[in-house]
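# Per-entry structural report
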Amino acid sequence: MQLFVDGIFLGSIYALFAIGFTLVFGILDRLNLAHAAVFSAGALVGIEVVTRWGLSIWLAIPIVFALGALLGVLIERIAFRPLAGRHDAHFAGLISSIAFGAIILSVLQALYGADTRRFPADAFPSTRLEFLGATFSLLQLMILVISVGLMVVLTWVVAKSKLGRGMRTIAENPHAAAVLGLNVGRISSMTFAISSALGAVAGVLFTLNVNAANLGIGHAVELKALAVIILGGLGSLPGALIGGLILGLAEVYAVNTVGSSWRDMVAFGLLFLVLIIRPQGIFGARKVREV
Amino acid sequence: MFEYSSLLTFIALTAILAFSFYAVLIAGQLSLAQVGLASLAAFTSSLVVPNEPLFGFIPPLLIGVVFGMAVGVIAAFVLGLPVMRLRGVFLAIATLAFGEMVRIFLINQSWTNGAQGLSFPKLVGIETAWIALALVAFWFWRLSGSRMGRAFAAIREDELAATTMGIDVPRYRMASFVIAGAVAGLYGVLFAHFTRFADPNQFSFEAAVDGLVTAVVGGTTFFVGPLLGSVFLSTLPELQRTLGIDAGWIRPAISGLLLLVVILFLPGGLAGLIPRRRSSTKLVSDPAALPQLEPLPARGTEVMSLRGLGKSYGGVRAVHDVDLTLATGEILGLIGPNGAGKTTLVNMVTGVTAPTGGSGTVLGIELAAKTRAHRLASAGIARTFQQIKLFNRLSALDNVLVGGYRISRDTLLRRLVFLPSARRFERQAAAVASAQLIRVGLGDKATTAAGDLSYGDQRRLEIARALASHPTLLVLDEPAAGMNHVEAERLSELIRSLAADGVAVLIIEHNVRMMLALCDRITVLNFGEVIAAGTPEEIARDPRVLEAYLGADGDAAAATAAEELAEVAADAVKGHDDAAGTEDAR
């Protein structure tokens, strides 16, 4: 039971990162590799706000959220929008987002150095809870609740709201969307802002959970998040949550049976298998290409 | 001097890694497996590289390189079998997963010494690295003007169009994958024997991204790209160190900024800065250069016969129970309102869409679920598309050269050793392509990129590309769309002359006036079924045809067609009456 609970909580962290990631990747069809840098930025700035400014974590999270949103707008404006309409927009967006991510990381390095940093021990109440014989922290429970909540809210936003309809229209055909009077630039910016804001907050929660953050933490989670997105189905928010939970459980059980040195094989093995057997993922719909 | 020699060696090795990405990028594939393949090659080579020259004269490094490249090729092939079905970003992620799986596997093996890393003998210096780079660059230089190089470019631009030119797309995609594997294997072995120490964690996702970035920054449209990318990205940190601006964070900041600038403002990468002729080939208008082409089958040979052919999507019957035959020298028209199933029918005939009912034979090939478009194309079918599918970034002439794929020979091996026959074959292919380009009136636009041509010119270019394959059966899907009356008339003349040469022509067109004047026979489709078939006169008089067009509410093209039909029918009746009365028919 403890294993199962650990797996669920590990999975909910993956899901937290993946939900923001898939919003841009799955719906706008752009792979934003600067997302990992935003994750690191959220973690490091969160620590700064709590330690240096002495603010409570409950204030730090909205600040980080706003910072993430701002970074998202910058990423969209600088790394993606100038490429619109170019035949190699996919490749080029990949590279330009890598470049932009490197710039974000270098700024973080200038501000906070390359060392590992931590939240103060009392930043978050260290309450332990017990459920059916398994113990876990209040923080872990909060991460799970936030992940599920985000998934529900965002699914609604994408499916029902005006913004969500705009996002889906742009993904289908940006030209047609512009002709229909949609402000393509603003909707893209909004999507990147939401995605990055979630990524930054995920960075804070992740760091609270493992209690260590450095420049590279984003990259470690990024690959796992890719696996989660593909596993759950590209563009599917419930898929990102379920995919995260499946991966978390699979990893915990794998570590328990074959040892921690093979742990990452689970993520990539699953990713590889899903791509070969069911490329649209568990919840994704297969897109039919028109001739 | 010593530090420069290691920098120069490093530049050469990075360029080789970039070439392994270049190998797949030129075919439009994004694979991130190369670093994993390099890692496999490097570590397995440690098992076979001897301490002493084999038989006293074969250098140990050569054995390692040959072995490593073989490992790269085999591993790329085995990986390619399952992942080749994937495209774009899915392919990138699957190959990335493969690379990480290799890394984790090697870390957990005792013979690789795991994460502690393995020592290698120092066998690679500056000369070896640059000789290897020169050989790799030479290969890609000679590839670029060969038929294989053109096939890669065509696949990158438009896979479907490439297939209908007779290019076996899966085979070529696999070829690009395997070439990348060989180059990656070479890189892995050289890298390990240069740094003298390697652990599997060095061949990580970040390393793969670095390789990709080097290739893209250098540019993937010209074979010097990877070298330029490597020089740029390898010397940048050195330069900053020399200038004294290497405080921890400044270096990555400047690298990131420069990378961003290159990507945003130099779409062709650094190689795009090198002035070059826009087209790799020149127009060859010398008729003596034209090769002897195989004669077409005798006039009247049946090349297509459909028996009850149908296609349904879910429960929707797009095409239902169509019987149709076509012989060489004949022009068969296919008309009907929008959504009548004309394009679906043509897609089945050309192997693009698999039929779900009935049977059909085209050029001796049975239409079945497994019939692939490139096989039909090789048999002698060529087509144009309703929605233009050109290779937009290639010049007009290069587009037509790809069209000539079926009747030209692969010249890569000959080009590698500069055989004179390579030149001759390339000149023949260029002559065929030039002749077709001139035939459709685009001779003066040979070097213009296809994407920059006007709409009408693009339509004509598609026809020239189809003709360049010397087809027995030519399929034209709305070739006159967007053309004015004069242009459409010129097109009709061209089609008539093709039929006179013995080509079988299947044509879809909304311009009913043109179709009635041009076709020998016309078949009318509505809601996926044949509602009328016969000579143009019979069609023009058939009330069901008029009704089908008039019934298509809100379809402007159908309304025009209905008007034209009515006019032509009236003309025909009048002509008949007039002919009966006086000599003056009109």
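Small disclaimer: the values here were computed from a predicted structure and weren't measured.

### Quick look at the environment of D410 of chain B
All names here are of chain B. You can see D410 is positioned in the loop between helix 14 (396-403) and helix 15 (412-416). The spatial distance from the C-alpha of D410 to the C-alpha of M148 is 6.4 Å, given a sequence separation of 262 residues. When neighbours within four sequence positions are excluded, D410 is seen to be in contact with S146, R147 and M148.

### A word on the interface of chain B and chain A
By a widely used convention, the size of an interface equals the accessible area lost when the partners come together. Contact with chain B, which involves 36 residues of that partner, is made by 34 residues of chain A. Among the elements of the structure, helix 3 (60-83), helix 4 (88-107), helix 9 (205-218) and helix 11 (250-265) of chain B are those that each provide at least two residues to the side of chain B that touches chain A. Sorting elements by how many residues they give to the side of chain B that touches chain A places helix 4 of chain B first, with 11 residues. Classifying every residue of the side of chain B that touches chain A gives 28 nonpolar, 6 polar and 2 charged.

### Things to note about the sheet that holds strand 8 (residues 381-383) of chain B
Residue and element names in this part refer to chain B. Spatial strand order, 8-9-10-5-11-12: 6 strands in an open sheet with mixed pairing. Each edge of the open sheet carries a strand with a single partner, namely strand 8 and strand 12 (529-534). When strand polarity is set aside, the average angle formed by the axes of neighbouring strands in this sheet is 15 degrees. The pairing of strand 5 (residues 331-335) with strand 11 (residues 521-526) spans 4 bridges and is parallel. Considered in strand 11, the bridge of L334 is made with T523. Against the sheet, helix 12 (residues 342-349) engages strand 5, strand 9 (473-477), strand 10 (504-508) and strand 11, with an angle of about 150 degrees to strand 10. The strands that helix 18 (residues 485-501) touches are strand 5, strand 9 and strand 10; relative to strand 10, the one it contacts most, it runs at about 150 degrees.

### A few points about the confidence of the model for chain A
Residues and elements named next belong to chain A. A residue-level look at chain A finds 97% of positions with pLDDT of 70 or above and a mean pLDDT of 85. The spread of mean pLDDT over the elements of chain A runs between strand 1 (residues 128-131), the lowest at 76, and helix 3 (residues 57-80), the highest at 93. Across residues 287-291 the pLDDT falls below 50, and counting only partners more than four positions away or on other chains, this stretch makes 3 contacts in the model.

### Some remarks on the nonpolar core
Residues I19, A227 and L271 of chain A together with I16, V183, L190 and V505 of chain B are the most contacted members of the largest nonpolar core, which totals 297 residues. Residues lining this core come from more than one domain, with at least three contributed by each of domain 1 (2-204) and domain 2 (302-581) of chain B. Those residues in contact with L190 of chain B that sit more than four places away from it in its chain are L13, I16, V124, A129 and A132 of chain B.

### Comments concerning the pairing of strand 6 (residues 357-362) of chain B
In summary, the side chains of a regular strand alternate between the two faces of the sheet. Residues and elements named next belong to chain B. With 5 bridges joining them, strand 3 (residues 302-313) and strand 6 adopt antiparallel strand pairing. Across the sheet, the residue bridging to R307 is S359, located in strand 6. The pairing of strand 6 with strand 7 (residues 365-366) spans 2 bridges and is antiparallel. Across the sheet, the residue bridging to V362 is I365, located in strand 7. Between the end of strand 6 and the start of strand 7, which pair antiparallel, lie 2 residues, with L363 showing a positive phi angle near 50 degrees.

### With respect to the pairing of strand 12 of chain B
Residue and element names in this part refer to chain B. Both strand 11 and strand 12 contribute to a ladder of 5 bridges, which runs antiparallel. When the bridges of strand 12 are listed, I522 appears paired with G534. From the end of strand 11 to the start of strand 12, which pair antiparallel, there are 2 residues, and F527 there has a positive phi angle of about 50 degrees.

### Here we look at the sheet that holds strand 4 (residues 316-327) of chain B
Within a beta sheet, neighbouring strands are joined by backbone hydrogen bonds and run either parallel or antiparallel to one another. Strand order in the open sheet formed by 4 strands is 4-3-6-7 (chain B), with antiparallel pairing between adjacent strands. Edge positions in the open sheet fall to strand 4 and strand 7 of chain B, since each of these has one partner strand only.

So, how was this worked out
Residues numbered from 1 in each chain as written. Chains lettered and ligands numbered in written order. Predicted model: local features only at pLDDT ≥ 70, side-chain atom pairs only at ≥ 80, totals over all residues. Helix = DSSP H or I, 4+ residues; strand = E, 2+ residues; numbered from the N terminus. Contact = placed C-beta atoms within 7 Å. Nonpolar A, V, L, I, M, F, W, Y, C, P; charged D, E, K, R; others polar. Pairing = 2+ DSSP bridges. Axes fitted to C-alpha atoms, helices over the stretch in contact; angles between N-to-C directions. pLDDT = per-residue confidence, 0-100. Core = buried A, V, L, I, M, F, W, Y, C linked by C-beta atoms within 7 Å. Buried ≥ 20, exposed ≤ 12 C-beta atoms within 10 Å, placed from the backbone. Domains from an automatic or database assignment.

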